[in-house]
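Each chain, letter by letter, is given below.
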Amino acid sequence: MALDRPRALSGIQPTAGSFHLGNYLGAIRQYVALQETHDAFYTVVDLHAITVPQDPAELRANSRLAAAQLLASGLDPDRCTLFIQSHVPEHAQLGWVMNCLTGFGEASRMTQFKDKSAKHGADRATVGLFTYPILQVADILLYQANHVPVGEDQRQHIELTRDLADRFNGRFGETFTVPEPYIVKETGKIYDLQDPTVKMSKSASTPKGIVSLLDEPKVSAKKIKSAVTDLETEIRFDEEKKPGVSNLLTIYSTLTGTAIAELERRYEGKGYGALKTDLSEVLVEWVTPFRERTQEYLGDPATLDGILAKGADKARAVAAETLADAYDKVGFLPAVR
Ligand code: ATP
Ligand code: MG
């Protein structure tokens, strides 16, 4: 791997069997692009997934499925490092150090925690859910990442990462690269099809609001056709007044590489039905080969496991070096072996 390249790191949770369109457009597309320009590390963050209850057998299956979907999206194990977070114990180890640098009030300001704990009931939220942004800080800093490709919902966590990197460096001496978020403005937040004011989400969207990439294509087509729009008829990009239509235009534009202005021209005088029918066809064309490729990776577990084993080795080599430096700076006595 070329050492002169900047580093990229990102993670995705195995909290559901299938990724959704927001994950792909907001994050994974950028993972694929950054393989060409960065020394890129991508991880299936199973430690994060257990911040909400998970069935063990399902979690295992979903972790495999997540890796298969990342490969099907275009990640190439020869051009990036793909691994399972729990295979690299340094994440939890540096996570502890970062916990001890974070203020309680600072952690309490994380809006993802507020949203998710409200959903699960404040008394059922775990301490893990509260501190997961701090584990995410460790995920990023271990790899000395320069850029972190994520959706808009993660911006606050990257800010926290920058603050903690600065704090550690200031207190103990230069140790961590201070990372920048890599968020694509147009697709950083893909909205729920039934409630276009909130983000599409694996754990929070209703079945009709989310396009799951592994669903039967005709199910996804139907969801596009019944997406909530507005009472007008004009096809125009206006996120404030027309969030539903704007969301559909964003999806259409990104999947086909057509400018939104061109789509507005093309659909002038046509109704929402025409836009939805065409977009549902575009989507079917995209998800059909994606599903096939995912199935191919799942059908060959030895190859998949081999890719993940090699990825974990490569990740550990980097993570262990950073952790050793951080442990030393903090003042831990080196273990004599
Ligand atoms: P959960 O609801 O379990 O948190 P999620 O749908 O938010 O799941 P994650 O695995 O937490 O998915 O996020 C993976 C990546 O996808 C992150 O970079 C996140 O910012 C991005 N992402 C998630 N939802 C969207 C969305 N609706 N639009 C754009 N990006 C998104
Ligand atoms: Mg999320």
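Thresholds, definitions, all that
Numbering of residues starts from 1 in each chain and follows the order in which that chain's sequence is written. The lettering of chains begins at A and the numbering of ligands begins at 1, in the order of writing. Under the rules for a predicted model, residues below a pLDDT of 70 receive no local features and side-chain atom pairs below 80 are neither given nor counted, while totals for whole chains, interfaces and linings still include all residues. To get the side-chain values, take all heavy atoms of the structure and skip hydrogens and water. UniProt positions are given in the numbering used here, feature names are shortened, and annotations may be inferred rather than shown by experiment. When a carboxyl oxygen of Asp or Glu is within 4 Å of a side-chain nitrogen of Lys or Arg, the pair counts as a salt bridge. Per the convention used, a helix needs a DSSP run of H or I reaching at least four residues, while a strand needs a run of E reaching at least two, with both numbered from the N terminus. Remark: exposure states derive from per-residue accessible area (1.4 Å probe, protein chains only) relative to the maximum for the residue type, with buried under 20%, exposed over 50%, and partly exposed in between. Any two residues whose heavy atoms approach within 4.5 Å are treated as being in contact. Each domain's extent is set by a domain assignment, obtained either automatically or from a database. By definition, the buried area sums, over both parts, the 1.4 Å-probe accessible area that each loses when the two are put together. A cavity, in this analysis, means grid points on a 1 Å lattice covering only the protein atoms where a 1.4 Å probe fits yet has no way out; a pocket is instead an open set bounded by protein on both sides within 12 Å along at least five of seven lines, and a residue lines either one if it has an atom within 4 Å of a point. Grid points are joined across faces, edges and corners, and a volume is the space filled by probe spheres set on the points. Residues form patches when they are more than 30% accessible in relative terms and have no salt bridge. Like charges link within 9 Å. Nonpolar side chains (Val, Leu, Ile, Met, Phe, Trp, Tyr) link within 5 Å. Using the Shrake-Rupley algorithm and a 1.4 Å probe, accessible areas are obtained, with residue cover drawn only from the displayed protein chains. Positive residues here are Lys and Arg, negative ones are Asp and Glu, while His and the chain termini are left out of the count. Every charge is mapped onto a representative atom, which is NZ of Lys, CZ of Arg, CG of Asp or CD of Glu. Centre distance within 6.5 Å is the pairing criterion for rings of Phe, Tyr and Trp, where only the six-membered ring of Trp is used; planes under 30 degrees apart are then read as stacked, over 60 as edge-to-face, and the remainder as tilted. A fitted line through C-alpha atoms serves as each axis, taken over the contacting stretch for helices, and the angle formed by two N-to-C directions is quoted from 0 to 180°. Angles are sorted into four bins: roughly parallel if under 35 degrees, roughly antiparallel if over 145, roughly perpendicular if 65 to 115, and oblique for all others. For any helix crossing, the convention is left-handed if the near helix is rotated counterclockwise from the far helix by under a right angle, and right-handed if that rotation is clockwise.

By the naming in an unreviewed UniProt entry, the chain is Tryptophan--tRNA ligase, taken from Streptomyces violaceusniger. What UniProt records for the chain under Function (unreviewed entry) is the sentence "Catalyzes the attachment of tryptophan to tRNA(Trp)." Regarding the chain, the UniProt comment filed under Subcellular location (unreviewed entry) reads as follows: "Cytoplasm".

Describe the pattern of salt bridges, naming the residues involved and giving the relevant values.
This structure, assessed with the given rule, holds 19 salt bridges. Across the salt bridge formed by Lys 310 and Asp 78, the nearest N and O atoms sit 3.9 Å from each other. Within this pair, whereas Lys 310 is found in helix α13 (residues 301-330), its partner Asp 78 is found in the loop between α3 (56-73) and β3 (80-84), the two being separated by 232 residues in sequence. Lys 310 gets classed as partly exposed once you look at its relative accessible area, which sits at 45%. Its relative accessible area of 60% is what places Asp 78 among the exposed residues. Here Asp 325 and Lys 329 are joined by a salt bridge, their closest N and O atoms 3.1 Å apart.

Kindly report on the side chain of Ser 253, identifying the contributing residues and their values.
Topologically, Ser 253 is positioned in helix α10 (residues 243-256). Beyond its immediate chain neighbours, meaning those up to four positions away, Ser 253 contacts Thr 258, Ala 259, Ile 260 and Leu 263.

Outline the domain arrangement of the chain, supporting the account with residue identities and numerical values.
Once the domains are mapped, the chain shows domain 1 (7-187 + 300-330) and domain 2 (217-295). Between domain 1 and domain 2, the C-alpha centre-to-centre distance is 30 Å. With eleven residues of domain 1 at the contact, the number on the domain 2 side is nine residues. For the domain 1 and domain 2 pair, buried surface summed over both sides reaches about 910 Å², with 76% attributable to carbon and sulfur atoms.

Now, about the layout of surface pockets: what can you tell me, with residues and values included?
In this structure, the largest pocket encloses a volume near 1,100 Å³. Forming the boundary of the largest pocket are 49 residues, of which Gln 112, Lys 116, Asp 153, Gln 154 and Lys 199 lie nearest the centre. Among the secondary structure elements, those contributing two or more residues to the lining of the largest pocket are β1 (7-12), α1 (21-34), α2 (46-49), α6 (111-120), α7 (127-141) and β4 (147-149). In terms of residues, the lining of the largest pocket owes the most to one element, α6, which gives six residues.

Quick rundown of a negative patch on the surface? Include the residues and the values.
Together, Glu 159, Asp 163, Asp 166 and Glu 174 make up a region of like negative charge exposed at the surface. Position of Glu 159 among the secondary structure elements: in helix α8 (residues 155-172). Taking relative accessible area as the criterion, Glu 159 reaches 40% and is therefore assigned partly exposed.

Describe the packing of aromatic side chains, with residues and values.
Evaluated as defined, the whole model comprises eleven aromatic pairs. Ring centres of Tyr 24 and Trp 286 lie 4.4 Å apart, and the angle between their planes is 45 degrees; this geometry places the pair in the tilted category. Linking Tyr 24 in helix α1 with Trp 286 in helix α12 (residues 272-298), this pair joins segments that are 262 residues apart in sequence. You can call Tyr 24 buried: its relative accessible area is 9%.

Quick rundown of the packing of helix α4 (residues 90-99) against α7? Include the residues and the values.
Between α4 and α7, the shortest axis-to-axis distance is 8 Å and the interhelical angle comes to 120 degrees. One finds that α4 runs oblique with respect to α7. Note that α4 runs across α7; the crossing there is right-handed. In this structure, α4 contributes His 91, Ala 92, Leu 94, Gly 95, Met 98 and Asn 99 to the contact, and α7 contributes Thr 131, Ile 134, Leu 135, Val 137, Ala 138, Asp 139 and Leu 141.

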